[in-house]
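A structural walkthrough
As a plain string of letters, each chain reads:
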Amino acid sequence: MKKKYNFSGGVKCLPINQDTNKYIINYVPYPTKFFIYVKYNTLKKNMLRVKINQKVLCGEPLTFGDSSSVPIHSPTSGLIENVEFYSKHVDLNQENIKITIISDHLEQWIRLKKINNYKLYSPKSLIKIIYQLGIVGLGGAQFSSAKKLILSINKVHTLIINAVESDPYITADYSLMHNYFNEIFIGCEIISWISKVEKILIVIQEDKIELISKIQLLIENKKLFKICILKKKYPGGSSKIIIKSLTGKEIPNGKHAIDIGYLIFNISTVYAIKRAVINGEPLIHRIISLYDYQNNLSKNFLIRIGTPINFFLNYLKIDNNLNYKIYLGGMFMKDLLTNLNYSISKDMNSILIKKYKKKNKKLINYSCINCGYCVQVCPINLLPQKLYLYSKNNNHKDAKKSYIMDCIECRICEKVCPSNINLVKYFKNEKKQQNKIKIEINQKKIFFDLFQLREKRILSQKENIYKNKNYFNHLSLIESNILEKLSTKKLISNKEIEKNIRKEILRSSIKRVKLKNKIL
Ligand code: SF4
Ligand code: SF4
């Protein structure tokens, strides 16, 4: 009997009736128009590689990447119809760039650079490939996988493969594992070769019996690999929870798993890394679980990124009129979709369809009765009722002290709350405030440094003037009270001293510009 890992808190989810074909990957035809949304704060205008009316090939990069974002690739061959700025989607406060591509349905691809033996390449060149082909964390965070790998070199000893999908309606990762586990296995080996780990732990939930035996068979003679079985509870897929359950260690506040020696990748990301390195494929599609409440059906579809959700629903003959509500996400963590022209993106893994019901009575939010139910279920061992009070009363200091930034927004505290308080809404707002405060503190620090540098610079200029009794710029001299002292004396010309002063001023100006860029 294999050991089962567990974590405190969480809720058990009852198994739901599902289609027996839930692990089959279904295919969706390509739409005529693709919409690619890019967060505006991660992409500046000069990072666009395409313009309106330009022809593109499938897999061609549409944007340049930078230190915080990876390039985004065209999901089809066709023509760039439009590039709009400031379009908005789910989060109305989030500004985006929307690239519209009209497909020519010819499927003309860029030349893909395939690699047979990745071990002939250095880790750095493999990381470069992973970056150039746009691979990001597909578990939701969308963090650049290349950046994660660079940070992990010489810092981690264990690779954790997150194969936990605890939301009962989402089966996208499991269908991927059922169909492509051999490729995922190669992906694990590529990552371990890059980051030189000593162990690879594949974490999966206890109810996936068929998959567990399949993995066990595959890793039988592989010393590096180990399978870890986690109790079936929600939420089990968070990296914080997985590391705590497996090792008993907590990721310190403000740190990452890498800082304590663990590199953690979602199973879909591992698959995307394999496809990028071995097949040379950029990330242009992903598997989406679709759960239909009315028919109690969960199906998985391989869809190209940029496919409008409206097109997808029309293809499935789902009447997307007012009778339905479409959500992105699972049973616990979901967002109502307000614009059906929004398209499939890299961070999406499920769509939920619910029949619209008129509420007979309004759900009333009562005040907190201190029952403590929320405390019992919190998997991060936080005190949600306290966090609620601090957030509600804008008590930022105590909210920070109570580790609000560690909240993973899993929403189970909200689900069990008998007073129907929208706890996570308060936590999300408070986290935004905390981030603002952090940015302000950093800016203040940088401005203070700038001020000190300026003071130093002025002082050194004054010293130079005083020492040499010479200066080339009268305007700057006006700032200096030494001018008065010198004005009566005849200035002696000395080219060498002037040159040195100019150099000094240039050096400090460059330093100032660099600091300012940091702020912006
Ligand atoms: S949403 Fe945050 S506070 Fe509530 S249970 Fe989850 S981790 Fe705990
Ligand atoms: S579950 Fe709701 S009512 Fe009970 S302590 Fe938590 S916030 Fe208060």
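Everything numeric in this text was worked out from a predicted model, so none of it was measured. (Residues numbered from 1 in each chain as written. Chains lettered and ligands numbered in written order. Predicted model: local features only at pLDDT ≥ 70, side-chain atom pairs only at ≥ 80, totals over all residues. Heavy atoms only, no water.)

Regarding the overall build of the chain
Along the backbone of the chain there are 15 helices and 15 strands. Every one of the 520 residues in the chain was classed for burial, and the buried ones make up 47%. In the form shown here, the chain has an accessible surface area of approximately 28400 Å², with 52% of it arising from carbon and sulfur atoms. (Helix = DSSP H or I, 4+ residues; strand = E, 2+ residues; numbered from the N terminus. Buried < 20%, exposed > 50% of the residue type's maximum accessible area, 1.4 Å probe, protein only. Areas by Shrake-Rupley, 256 points an atom, 1.4 Å probe, with all protein chains shown as cover.)

Quick look at unusual backbone geometry
With omega at -5 degrees, the peptide bond leading from Tyr234 into Pro235 counts as cis. With respect to the helices and strands, the residue Pro235 is situated in the loop between strand S9 (225-230) and helix H5 (239-247).

Some points on the UniProt feature "binding site: [4Fe-4S] cluster 2" (unreviewed entry) in the chain
According to UniProt, the feature "binding site: [4Fe-4S] cluster 2" (unreviewed entry) maps to Cys378, Cys407, Cys410 and Cys413 in the numbering used here. The greatest C-alpha distance among the residues just named is 10.8 Å, despite their covering 36 residues of sequence, which places them together in space. In the annotated group above, the largest cavity draws its lining from Cys378, Cys407, Cys410 and Cys413. As for its placement among the helices and strands, Cys410 is situated in the loop between helix H10 (396-401) and helix H11 (412-416). Not counting residues within four places of it along the chain, the set of residues in contact with Cys410 comprises Tyr234, Pro235, Phe332, Met333 and Pro379. Its place among the elements puts Cys413 in helix H11. Sequence-distant contacts of Cys413, defined by excluding residues within four places in its chain, comprise Cys374, Val377, Pro384, Leu423 and Phe427. (UniProt positions renumbered as here; feature names shortened; annotations may be inferred. 1 Å grid on protein atoms, 1.4 Å probe; cavity = no way out; pocket = protein on both sides within 12 Å on 5 of 7 lines; lining within 4 Å. Contact = heavy atoms within 4.5 Å.)

Structural notes on the side chain of Ser391
Residue position: Ser391 is located in helix H9 (residues 384-392). Taking the relative accessible area as the measure of exposure, Ser391 reaches 7% and is therefore buried. Within the structure, Ser391 has its side chain in polar contact with the backbone oxygen of Leu387 (distance 2.5 Å). Residue contacts for Ser391: discarding those within four places in its chain leaves Ile404, Tyr426, Phe427 and Glu430. (Polar contact = N/O pair within 3.5 Å; in protein donor to acceptor, adjacent residues only side chain to side chain.)

A word on the sheet that holds strand S11 (residues 285-292)
In spatial order, the strands read S2-S12-S11-S15-S13-S14; together these six strands make up an open sheet with mixed pairing. Looking at the sheet topology across the chains shown, the edges are occupied by strand S2 (25-27) and strand S14 (334-336). Sheet twist, expressed as the average angle between the axes of neighbouring strands with direction ignored, equals 35 degrees. Of the strands in this sheet, S2, S11 and strand S12 (297-304) touch helix H3 (residues 172-195), which is tilted by about 95 degrees from S2. (Pairing = 2+ DSSP bridges. Axes fitted to C-alpha atoms, helices over the stretch in contact; angles between N-to-C directions.)

Brief notes about the site of ligand 2
Taken together, Cys368, Ile369, Asn370, Cys371, Gly372, Cys374, Gln385, Cys417, Pro418 and Ser419 make up the full set of residues adjacent to ligand 2. More than half of the atoms belonging to ligand 2 lie within 2 Å of the grid points that define the second largest cavity. Here the shell around ligand 2 is composed, by residue class, of six nonpolar, four polar and no charged. (Near = heavy atom within 4 Å. Sits in = over half its atoms within 2 Å of the grid points. Nonpolar A, V, L, I, M, F, W, Y, C, P; charged D, E, K, R; others polar.)

Considerations on the packing of aromatic side chains
Following the criterion strictly, the structure yields eight aromatic pairs and no others. Between Tyr37 and Tyr342 the ring centres are 4.9 Å apart and the planes differ by 55 degrees, which places this aromatic pair in the tilted class. One end of the pair, Tyr37, is in strand S3 (residues 33-39); the other, Tyr342, is in the loop between S14 and strand S15 (350-355), and 305 residues separate them in sequence. With relative accessibility at 15%, the residue Tyr37 sits in the buried group. Exposure remark for Tyr342: the relative accessible area of 7% places this residue in the buried category. (Phe/Tyr/Trp six-rings, centres within 6.5 Å; stacked < 30°, edge-to-face > 60°.)

Brief notes about the pairing of S9
Burial analysis of S9 places five of its six residues in the buried class, which makes it a mostly covered element. Summarising the sheet, strand S1 (residues 4-5) and S9 pair through two bridges and their orientation is parallel. Note that in S9 the partner of Lys4 across the bridge is Ile229. The pairing of strand S8 (residues 199-205) with S9 spans six bridges and is classified as parallel. Bridge pairing links Val203 to Cys228 in S9. Taking the sense of rotation as the criterion, the β-α-β connection linking S8, helix H4 (residues 209-218) and S9 turns out right-handed. (Right-handed = clockwise from strand over helix to strand, strands pointing away.)

Comments concerning the packing of helix H1 (residues 123-132) against helix H6 (residues 267-279)
Running from N to C, H1 and H6 point in directions that differ by 110 degrees, and their axes come no closer than 9 Å. Relative to H6, the element H1 lies roughly perpendicular. Pair H1 / H6 crosses with right-handed handedness. Residues Leu126, Ile129 and Ile130 of H1 pack against Ile273, Ala276 and Val277 of H6. (Parallel < 35°, antiparallel > 145°, perpendicular 65-115°, else oblique. Left-handed = near helix turned anticlockwise from the far one by under 90°.)

A word on a positive patch on the surface
On the surface, Lys2, Lys3, Lys199, Lys226 and Lys249 cluster together into a patch of positive charge. By relative accessible area, which is 57% here, Lys3 ends up exposed. (Patch = residues over 30% accessible without salt bridge, like charges linked within 9 Å, V, L, I, M, F, W, Y side chains within 5 Å. Salt bridge = Lys/Arg side-chain N within 4 Å of Asp/Glu carboxyl O. Lys, Arg positive; Asp, Glu negative; His and termini not counted. Charge placed at Lys NZ, Arg CZ, Asp CG, Glu CD.)

Overview of the UniProt feature "binding site: [4Fe-4S] cluster 1" (unreviewed entry) in the chain
Using the residue numbers shown here, the UniProt feature "binding site: [4Fe-4S] cluster 1" (unreviewed entry) corresponds to Cys368, Cys371, Cys374 and Cys417. Their sequence span is 50 residues, while the largest C-alpha to C-alpha distance among them is just 10.6 Å; these annotated residues converge on one region. Those annotated residues lining the second largest cavity are, specifically, Cys368, Cys371, Cys374 and Cys417. Locating Cys371 in the fold gives a position in the loop between S15 and helix H8 (373-377).

With respect to the site of ligand 1
In the vicinity of ligand 1 lie 13 residues, with Cys378, Cys407, Cys410, Arg411 and Cys413 positioned nearest. Judged by its atoms lying within 2 Å of the grid points, ligand 1 is housed in the largest cavity. Split by residue class, the shell around ligand 1 holds 11 nonpolar, no polar and two charged.

Quick notes on the sheet that holds S1
One open sheet holds the five strands; their spatial order is S1-S9-S8-S7-S10, and the pairing between them is parallel. Unpaired on one side and paired on the other, S1 and strand S10 (262-266) mark the two borders of the sheet. Contacts from H6 reach strand S7 (158-163) and S10, with the element oriented near 85 degrees to S10.

Looking at the environment of Asn26
With respect to the helices and strands, Asn26 occurs in strand S2. Residues Asn26 and Ile303, spaced 277 residues apart in sequence, show a C-alpha to C-alpha distance of 8.9 Å. In this structure Asn26 touches Lys299, Asn300, Phe301 and Leu302, once residues within four positions along its chain are discounted.

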